[in-house]
Amino acid sequence: MEGLKIVVIGGGSSYTPELIDGFIKRKEELPVREIYLVDILEGERKLNIVGNLAMRMIEKANLSTKVILTLDRKQAIKDADFVITQFRVGGLFARARDENIPLRYNVLGQETTGAGGFAKALRTIPVIMDICKDIEELSPKAWLINFTNPAGLIAETILRYTNIKAIGLCNVPINMKNTTAKMFGVEPERIKMDFIGLNHLSWAKKIYLDGEDITKEVIEKNLDDESLNMNNIHNLNWDKDYLRGLNMLPSPYLRYYYMMDEMVEKQKQDVEGGKGTRAKQVMKIEDELFEIYSDQNLDIKPPQLEKRGGAYYSEAAVSLISAIYNDKKEVHTVNIKNNGSILNLDKDVVIECNAMVDKTGATPMVIGNMPPIISGLVNHAKAYELLTTEAGITGDYVKALEALSANPLIPSVTIAKKILDDILRENKKYLPQFSR
Ligand code: G6P
């Protein structure tokens with residue numbers, strides 16, 4: 001059959017218009033026959049609202065692409081060319097718990113880093129493993145593009161425990177590139193960044209404008225309030241001496257590590273002041289978004305979606321799919337196995353790196369050694385990720401305790417145990433592997 005079959009798991013997400021917009025923008029290079037938006041029963045209402053908006057957007061763009069809304073995941077996955085995963089097990093209520101539980105113990109409560117990301121990983125691993133099984137069985141040639149958080153850890157799980165063709169993706173690298181381009185008043189294509197590290201724990205080691213090294217200038221521009229950030233992260237300023245010494249541009253998520261105490265303080269203030277954690281804020285934004293999406297006259301991606309942290313999400317996903325489909329041999333920043341990109345790190349662990357993308361997938365480009373200023377943290381976080389992956393698969397309590405204790409943002413085994421017990425109790429419904 002002519003054209004591509006694209007499947008989006010978590011199709012009822014408020015981000016779906018972003019993705020549809022990406023396919024519309026690349027209609028000349030990506031012939032998409034069908035887009036299956038898949039969700040579960042609890043997400044059916046959202047799926048219908050956002051799915052109908054997707055259909056109106058496609059119609060307005062004069063495309064013949066069929067949008068199919070379904071709760072039947074297996075039927076959707078059958079013979080797919082690309083499967084995109086962007087789901088959230090337990091929805092925003094589970095995210096709220098992830099953010100609140102650690103704060104009880106004065107520990108950072110965040111969706112993807114620290115204990116919150118750990119809880120999200122435990123909920124996500126059984127589901128992603130099921131999806132991978134479906135792909136192995138029903139569309140073994142399909143590419144899986146995973147956005148589901150914690151994206152690095154989930155990519156680690158998929159690439160360690162399954163045989164499918166998968167690439168992990170995040171919008172942070174493209175965001176860092178595009179925001180830097182804006183700061184310099186140039187087109188993003190003229191900026192090149194060499195990334196090193198893990199997902200949500202990465203640095204642009206060198207930054208170039210038209211081939212010229214501008215790393216130092218970029219660092220200087222990031223020393224004040226106007227520094228590069230994301231909508232979902234408190235904009236605390238970096239320590240000037242440290243950043244100049246580092247001479248690499250940290251991902252906005254490094255704020256959680258470099259300024260851990262202040263970030264916890266900010267989160268506590270939000271909760272005590274009634275603003276709530278990010279989940280509570282996002283629930284409000286989502287209500288507004290779905291109200292807007294319900295308007296039968298709306299047939300474009302509404303600007304209000306930009307209040308979310310996922311800016312440039314569609315660009316990252318659709319340009320990657322196009323690079324594979326069109327055999328472009330183009331550089332993308334992705335989450336894949338190291339395989340010699342970072343020389344002083346195990347070959348078989350997943351990192352976030354620049355890779356050459358063509359029809360065979362993503363091949364990591366060599367970045368060299370991690371300098372000591374980052375290698376300790378990266379190794380620490382990778383040990384945590386590997387232990388969490390194992391705990392998520394096996395449901396072994398001791399392994400889970402080891403994993404959480406190994407997280408760089410967790411102060412002690414004593415605290416890890418308290419948080420772990422709360423997480424297991426409050427997420428029982430979503431953690432079948434721990435009940436076996
Ligand atoms: C950034 C991160 C994503 C994360 C999002 C949260 O884009 O890279 O991994 O999901 O922020 O945004 P939200 O609006 O849900 O807080």
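Located above this text is the structure these notes cover.
Being a predicted model, the structure only gives us computed values, none of them experimental. (Residues numbered from 1 in each chain as written. Predicted model: local features only at pLDDT ≥ 70, side-chain atom pairs only at ≥ 80, totals over all residues. Heavy atoms only, no water.)

1. Observations regarding the nonpolar core
Then, number 1: Ile-6, Phe-23, Ile-145, Ile-167, Trp-203 and Tyr-293 are the most contacted members of the largest nonpolar core, which has 97 residues in total.
Then, number 2: Of the residues forming this core, the biggest block, eight residues, is contributed by helix α13 (residues 313-325).
Then, number 3: For Ile-167, the residues in contact, after removing those within four places along its chain, are Trp-143, Leu-144, Ile-145, Asn-146, Leu-320, Ile-324, Val-334, Asn-335, Ile-336 and Ala-362.
Then, number 4: By size, the runner-up hydrophobic cluster in this structure holds 48 residues, among which are Val-7, Leu-159, Ile-410 and Ile-419. (Core = buried A, V, L, I, M, F, W, Y, C linked by side-chain atoms within 4.5 Å. Buried < 20%, exposed > 50% of the residue type's maximum accessible area, 1.4 Å probe, protein only. Helix = DSSP H or I, 4+ residues; strand = E, 2+ residues; numbered from the N terminus. Contact = heavy atoms within 4.5 Å.)

2. Some remarks on the pairing of strand β1 (residues 4-9)
Then, number 1: In terms of burial, β1 is a largely internal element, six of the six residues being buried.
Then, number 2: Both faces of β1 are covered, namely the face carrying Leu-4, Ile-6 and Val-8 and the face carrying Lys-5, Val-7 and Ile-9.
Then, number 3: Alignment of β1 against strand β2 (residues 32-38), held across six bridges, turns out to be parallel. Bridge assignment links Val-8 to a residue of β2, and that residue is Leu-37. (Pairing = 2+ DSSP bridges.)

3. Quick notes on the site of the ligand
Then, number 1: Surveying the vicinity of the ligand reveals 16 residues, the closest of which are Asn-149, Asn-171, Arg-278, Arg-308 and Gly-309.
Then, number 2: At 2.8 Å, a side-chain N or O of Arg-95 approaches an oxygen atom of the ligand.
Then, number 3: Side-chain polar atom of His-200 to an oxygen atom of the ligand: 3.1 Å apart, as the coordinates give it.
Then, number 4: Here the ligand has 390 Å² of accessible area as a free molecule, and 94% of this is covered by the chains.
Then, number 5: Taken together, the residues of the shell around the ligand sort by class into six nonpolar, six polar and four charged. (Near = heavy atom within 4 Å. Polar contact = N/O pair within 3.5 Å; in protein donor to acceptor, adjacent residues only side chain to side chain. Areas by Shrake-Rupley, 256 points an atom, 1.4 Å probe, with all protein chains shown as cover. Nonpolar A, V, L, I, M, F, W, Y, C, P; charged D, E, K, R; others polar.)

4. Description of helix α14 (residues 372-394)
Then, number 1: Here α14 is 23 residues long and its end C-alpha atoms lie 33 Å apart, about the 33 Å a rise of 1.5 Å per residue gives.
Then, number 2: Among the residues making up α14, those that are buried are Ile-374, Ser-375, Leu-377, Val-378, Ala-381, Lys-382, Tyr-384, Glu-385, Thr-388, Thr-389, Ala-391 and Gly-392.
Then, number 3: One or two residues past the end of α14 sits Gly-395, with phi positive at roughly 70°. (Expected span 1.5 Å × (residues − 1).)

5. Looking at helix α4 (residues 91-104)
Then, number 1: Listing the buried residues of α4 in full gives Leu-92, Ala-94, Arg-95, Ala-96, Asp-98, Glu-99, Ile-101, Pro-102 and Leu-103.
Then, number 2: On its buried face, α4 is in contact with α5 (114-138), α11 (260-272), α12 (278-293) and α16 (413-426).
Then, number 3: One or two residues past the end of α4 sits Asn-106, with phi positive at roughly 60°.

6. Points about the pairing of strand β3 (residues 66-70)
Then, number 1: Pairing geometry for β2 and β3, over five bridges, is parallel. If you follow Glu-34 over to β3, its bridge partner there is Lys-66.
Then, number 2: Of the crossover connections in this fold, the one passing from β2 over helix α2 (residues 44-60) to the parallel β3 is right-handed. (Right-handed = clockwise from strand over helix to strand, strands pointing away.)

7. Things to note about the packing of aromatic side chains
Then, number 1: Taken as a whole and assessed by the stated rule, the structure comprises six aromatic pairs.
Then, number 2: Ring plane angle 55° and centroid distance 5.8 Å describe the contact between Tyr-15 and Tyr-313, whose orientation is recorded as tilted. Of this pair, Tyr-15 sits in the loop between β1 and α1 (16-25) while Tyr-313 sits in helix α13; the two residues are 298 residues apart in sequence, bridging distant segments of the chain.
Then, number 3: The exposure class of Tyr-313 is buried, given its relative accessible area of 5%. (Phe/Tyr/Trp six-rings, centres within 6.5 Å; stacked < 30°, edge-to-face > 60°.)

8. What about the pattern of salt bridges?
As a working rule, side chains carrying opposite charge can pair if their charged atoms are close by.
Then, number 1: If you walk through the whole model with that rule in mind, you get 35 salt bridges.
Then, number 2: Between Asp-422 and Arg-104 there is a salt bridge, and its shortest N-O distance comes to 2.9 Å. Within this pair, whereas Asp-422 is found in helix α16, its partner Arg-104 is found in helix α4, the two being separated by 318 residues in sequence.
Then, number 3: The class for Arg-104 is partly exposed, based on a relative accessible area of 45%.
Then, number 4: For Lys-268, the salt bridge is made with Glu-265, and the minimal N-O distance between the two is 3.8 Å. A residue pair is termed a helical-turn pair when its members lie 3 or 4 positions apart in one helix, as Lys-268 and Glu-265 do in helix α11 at three residues. (Salt bridge = Lys/Arg side-chain N within 4 Å of Asp/Glu carboxyl O.)

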